[in-house]
Number of protein chains: 2
Amino acid sequence: MVTLYDVARQAGVSTATVSRVVHGQDRVRDSTRLRVNQVIEQLGYVPDGAAQSLSRRRKEIIGFVCVESHSRQYDVENMNLLYYDEVMRGVGAGISDRGWSLLITYVNGEDERDFPRLQALTGKVDGILIGQSVVPSPLLARLAERVPVVVIAGAPGDSAADVVTADNRSGSAALVTHLIEVHGRRRLFHVDGPAGVADAKERRLGMERVLRAHPDCTLIGSYQGQFSVQSGEEAGQSMLAQHGSALPDAVVCGNDQMAIGVLQALTAAGIRVPWDMALVGFDDIYPGGLSEPPLTTVHQPMRLLGERACIRLLDRIARPGLRRRVEVLPTELVLRSSCGCPPGTVTREPVKPVRGSRLTSRAGSASADPARQSGLPRPRPSRARTS
Amino acid sequence: MVTLYDVARQAGVSTATVSRVVHGQDRVRDSTRLRVNQVIEQLGYVPDGAAQSLSRRRKEIIGFVCVESHSRQYDVENMNLLYYDEVMRGVGAGISDRGWSLLITYVNGEDERDFPRLQALTGKVDGILIGQSVVPSPLLARLAERVPVVVIAGAPGDSAADVVTADNRSGSAALVTHLIEVHGRRRLFHVDGPAGVADAKERRLGMERVLRAHPDCTLIGSYQGQFSVQSGEEAGQSMLAQHGSALPDAVVCGNDQMAIGVLQALTAAGIRVPWDMALVGFDDIYPGGLSEPPLTTVHQPMRLLGERACIRLLDRIARPGLRRRVEVLPTELVLRSSCGCPPGTVTREPVKPVRGSRLTSRAGSASADPARQSGLPRPRPSRARTS
DNA sequence: CTGTTAGCGCCTTCAA
DNA sequence: TTGAAGGCGCTAACAG
C-alpha cells in the first residue's frame, strides 16, 4: 500500500506538504505541487479513509438504516421499497457532492436484536438517517445521545430527533376536499392505517378536518387496516357487509395498497368505481396507476425528503447545538380516475398546506438551504491538481 | 467521546485487557471481565470504527457501486431499480452477519467523472461490488489493481474481476424451447438488446442454440432495441411493417421492458397475444405480471446474486491469491400466458443449464459455501459479555 | 512556502 | 492472566 510517506520521500518533501497538495487548499509553490502530483500519479497514491477519519476526528460518513425485507417475492406490498430506494438516492445525491459517504445498515425491525448493530453503527458514522417506523422511539433516543439522528417521513411530533417528513395532513385534506367539492361525494368510508403509525394518523386528521368544514358530509364508517392489500380487501368486504343497504359514495384509504385491496373487493362485488363509489389512496405507488380504474392518490416527494434530511443532518453535525426542528415537505395531489375524474385523467397538482400541518415557510422553499448559512463543509475538490 | 482509555482507567486495568474483553476471545479472568463490562456499560463505550480499521489494517467495509438514476418519475423503466435494491439486500444480508458494513457510492455512469470518486472509494473499503454494465471494463481493471472487485450480473467472460451472474443463456434457451416444443411456434422474431451488452448477448446465444437444434424453426427477423419500452414499441412497429404479410408466430425479447413495448404495438395493431402471436421477455419485472396478457419471462435470482457476490468478495479479501472465478447462478422459467399457456397460468420452474453456459457444478449449489473452507472471518459476537 | 512533531483510538506483539 | 509500548496513516498546529 502506498502511503503519504512514500509519496513524501519520493518527492523529496514532507508529509505535510503532500497532505497540502492532496487537499489543494494551503499555499504550496507551483513547482512543488507539480512534482508531488506527479509522484502521486506515478505511485498511484490514494489516501486511506480510516487514517483520515481518525486524524480529523470526523469520519465523513453517515449511516442509513433500512429494514430488511423478508419477502423474497415481488408484489405490490413491496412497492414502497422503491420509495426507500428513492429516498436513499436523494441522500446519496446530497452527500456525495460534499465527498461524504453513505453506510447502509439493515435491521430486522425487532428492537432487541437490532440494538447492538445500531449501537455499533454509532461508532462508525458521524450521524444517522432513519425511517420513522423502522426504529422505535426509545431506541432512537438512545442513539441520538451518541450521534445526531434525523428521522425521515415520520410523525412531526413525538421524536427525540430532527424530523423531515411529508405533509400528510394537507395532502389528505386536499384529497378529501377534491372528493367533496369536485365530485360532490357526501357519504365517506375510511380505511385507516395501523394504530400508532404516525403517517396514518396525520392522514386521518386531514380527512377529519375537511369533514368538520363540511357539515353536510358524513363519515358513515371506518375500518382499521394494516396498510396491506390483504387488509384492504378485508376492509372492503367488511364495509359491504355492514353498509350494504346504504353504501358510501366514496372510500378514503390510508395508503394505496389498501385502496388496491378495496378495489378488488368492490370489483368482485360488482361495484363499479368510480360510478357507484369513488376510491382514493395515498402514496402514489407505481401499480396504483395500473389498476382499473387508475387510482387517485397523493404523492410524497421521496427524493426530496432524502435530500433535505441529508442536508439537515450534515448541518447538525457541523453545529451540534442546533435547536431540534421538524421540516414538513409539500405533497402533490395525483388525480386519475378512481375519484370520479374522467377516464384518462392524469393530473398532478401541488397541495397547499392547511393550518396545523406544521409546514413552516422555510420548509417548502428549496432555496433556503441551511447549509449555506452554517459552518457546514461545502463541496471540495477531492484532489487539486492545479499546476 | 468515551475511549478505550477511559474504560481502562475506570476499571483499573490496561487498555489491552479492555480490548480483550470487548472482543471476547483472549482469556481474561472472569472477575476482570465482569468489572470491565460493567464499566463499558456504565460509560456507554462504543469502539471507534476508524481507529479499529487503522489498527487492524482492515476496514471491514465493502463498497457497492450504484448508478444514479436521473429520472425523477417512476415508470416501468425504473422497475429494474427494484432488482438493484434486491441485490443490495442480498449483499447486506451476507455482510452484516459477519459484522461488516456496506458503503454505497452512486456514479453517473460517465466514465470520466466517475473515476475520481471510485478511486477514492478504494481507500475507504476492503473490496468493491459492482454491477457489470455500470463501470466500463478498463476502469474496472484499474480499480481491481487496488482492491478486490466482484462484478455482479455481467458477462461471464471479459472482465478483469470475479463475476457472479445469472445463467442468461440457459434461461433464454429454456424459454425458446418452451415456445417451440410446447406451443409449436416455428417462426420467431427477435428483439435484441443493445449491442455490446453482455446480458443481451448471452440471451441471444441461448435462443440461437435452440434454433440450431430445431431446423424446422426459423428466425424471420430481428430488431436491435435499447432495453427500453420505447424501443420495444418501435421494434413492434418495425416488425409489423416489414413482416406484415407473413407475421412471426412468436416474438422473443431481450428483456421485459421491450416486451411490454412490443405488446403495446401489437395491441394497437389489433393483434391478439398469444393467439395471433406469442410474446416473451426476460427479467421478470413486476409490471410484467400485470400486463394483458401477463408476460411469460425468465427470473434471475437477484438476492442470491448479491449474497454470492458478497461471499465471493469476502473470500477474496481473506485470500487475495485466489484464482479468478466466474459463478453462474440458475434462473427460473416464469410461465404466464403471453407464451400461449392458458390464462391464469403462473408457474415457475428451475432452468437446467445448457452446455456452454459455464454453469459449474459448484455454482448452482448453495451448500458449497467457499467461506466455510477458507480463512474467511466468520460471524463473531460484537461484544462478549459472558461473565 | 515548508518541515517537525504530536497525537487520533485501537490492536497486538512481547514481557512479566 | 495482565501490562507496556509501538505502531496503523494521516492531519494540524506550530515553528521556521
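Placed above this text is the structure.
Okay, so let's go over this structure.

The rules behind these values
Residues numbered from 1 in each chain as written. Chains lettered and ligands numbered in written order. Predicted model: local features only at pLDDT ≥ 70, side-chain atom pairs only at ≥ 80, totals over all residues. Heavy atoms only, no water. Core = buried A, V, L, I, M, F, W, Y, C linked by side-chain atoms within 4.5 Å. Buried < 20%, exposed > 50% of the residue type's maximum accessible area, 1.4 Å probe, protein only. Contact = heavy atoms within 4.5 Å. Phe/Tyr/Trp six-rings, centres within 6.5 Å; stacked < 30°, edge-to-face > 60°. Lys NZ or Arg CZ within 6 Å of the ring centre and 35° of its normal. Near = heavy atom within 4 Å. Polar contact = N/O pair within 3.5 Å; in protein donor to acceptor, adjacent residues only side chain to side chain. Helix = DSSP H or I, 4+ residues; strand = E, 2+ residues; numbered from the N terminus. Nonpolar A, V, L, I, M, F, W, Y, C, P; charged D, E, K, R; others polar. Salt bridge = Lys/Arg side-chain N within 4 Å of Asp/Glu carboxyl O. Pairing = 2+ DSSP bridges. Axes fitted to C-alpha atoms, helices over the stretch in contact; angles between N-to-C directions. Parallel < 35°, antiparallel > 145°, perpendicular 65-115°, else oblique. Left-handed = near helix turned anticlockwise from the far one by under 90°.

### Quick word on the nonpolar core
Okay, so step 1: Judged by nonpolar contacts, the single largest core of 100 residues is most densely connected at A:F64 and B:F64.
Okay, so step 2: Each residue touching A:F64, except ones within four places of it in the same chain, is listed here: A:Y84, A:V87, A:M88, A:V91, A:L102, A:L103, A:I104, A:T105, A:L129 and A:I152.

### Notes on the packing of aromatic side chains
Okay, so step 1: For the structure shown, the criterion picks out zero aromatic pairs over all chains.
Okay, so step 2: Looking at A:R142, its charged tip hangs above the ring of A:F115, at a distance of 4.1 Å from the centre.

### Section: the protein's contact with DNA strand D
Okay, so step 1: Around DNA strand D, the structure places 29 residues, and the nearest of them are A:L4, A:Y45, A:S55, B:R20 and B:T32.
Okay, so step 2: Across the atoms of DNA strand D situated within 4 Å of the protein, the share located in sugar and phosphate is 60%.
Okay, so step 3: Interatomic distance of 3.3 Å between a backbone N/O atom of A:D48 and a phosphate oxygen of DNA strand D.
Okay, so step 4: For DNA strand D, a phosphate oxygen lies 2.9 Å from a polar atom in the backbone of B:R29.
Okay, so step 5: Within the residue set of the surface near DNA strand D, elements represented by two or more residues are helix 1 (4-11), helix 2 (15-23) and helix 4 (49-56) of chain A together with helix 2 (15-23) and helix 4 (49-56) of chain B.
Okay, so step 6: When its residues are assigned to classes, the surface near DNA strand D shows 11 nonpolar, 11 polar and seven charged.

### Thoughts on the side chain of A:R203
Residues and elements named next belong to chain A.
Okay, so step 1: You can see R203 is positioned in helix 9 (residues 198-213).
Okay, so step 2: At 2.7 Å, the side chain of R203 and the backbone oxygen of G254 are in polar contact.
Okay, so step 3: Once residues lying within four places of it in the same chain are set aside, the contact partners of R203 are N168, S172, F227, G254, N255, F282, D283 and Q300.

### Observations regarding the pattern of salt bridges
Okay, so step 1: One pass over the structure, following the stated rule, counts 36 salt bridges over all chains.
Okay, so step 2: As a salt-bridge pair, A:R303 and A:E307 come within 3.6 Å of each other at their nearest N and O atoms. With a gap of four residues between them, A:R303 and A:E307 both fall in helix 12 (residues 302-318), about one helical turn apart.
Okay, so step 3: Judged by its relative accessible area of 9%, A:R303 falls in the buried class.
Okay, so step 4: Its relative accessible area of 22% is what places A:E307 among the partly exposed residues.
Okay, so step 5: Residue B:R316 is joined to B:D162 by a salt bridge in which the shortest nitrogen-to-oxygen separation is 2.3 Å. Note that B:R316 is positioned in helix 12 (residues 302-318) and B:D162 in strand 5 (residues 162-166), a separation of 154 residues in sequence.

### Examining the protein's contact with DNA strand C
Okay, so step 1: Around DNA strand C, 28 residues are found, and the nearest of them are A:R20, A:T32, B:L4, B:Y45 and B:S55.
Okay, so step 2: Sugar plus phosphate: this is where 61% of the atoms of DNA strand C within 4 Å of the protein reside.
Okay, so step 3: A:T32 places a side-chain nitrogen or oxygen 2.4 Å from a phosphate oxygen of DNA strand C.
Okay, so step 4: Here B:Y5 contributes a side-chain N or O atom positioned 3.4 Å from a base nitrogen of DNA strand C.
Okay, so step 5: Listed by contribution, the elements that provide at least two residues to the surface near DNA strand C are helix 2 and helix 4 of chain A together with helix 1 (4-11), helix 2 and helix 4 of chain B.
Okay, so step 6: Here the surface near DNA strand C is composed, by residue class, of 11 nonpolar, 10 polar and seven charged.

### Quick word on the sheet that holds strand 10 (residues 297-299) of chain A
Residue and element names in this part refer to chain A.
Okay, so step 1: A sheet is described by the order of its strands in space; here three strands give the open sequence 10-12-13, paired in antiparallel fashion. Pairing within the sheet leaves two strands with one partner each, and these edge strands are strand 10 and strand 13 (347-350). Each neighbouring strand pair of the sheet contributes to a mean axis angle of 30°, computed without reference to strand direction.
Okay, so step 2: Sitting on the sheet, helix 8 (residues 168-182) touches strand 10 and strand 12 (332-335), and the angle it makes with strand 12 is about 35°.

### Brief notes about the packing of helix 10 (residues 229-243) of chain B against helix 11 (residues 256-268) of chain B
Residues and elements named next belong to chain B.
Okay, so step 1: Running from N to C, helix 10 and helix 11 point in directions that differ by 45°, and their axes come no closer than 6 Å. Regarding the angle of helix 10 to helix 11, the classification is oblique. Once helix 10 is placed against helix 11, the crossing between them reads as right-handed. Touching V229, S231, G232, E233, A235, G236, Q237, M239 and L240 of helix 10 are Q257, M258, I260, G261, V262, Q264, A265 and L266, all from helix 11.
Okay, so step 2: When the residues that make up the contact of helix 10 with helix 11 are grouped by side-chain class, the tally is nine nonpolar, seven polar and one charged.

Shape descriptors only; they carry no functional weight alone.
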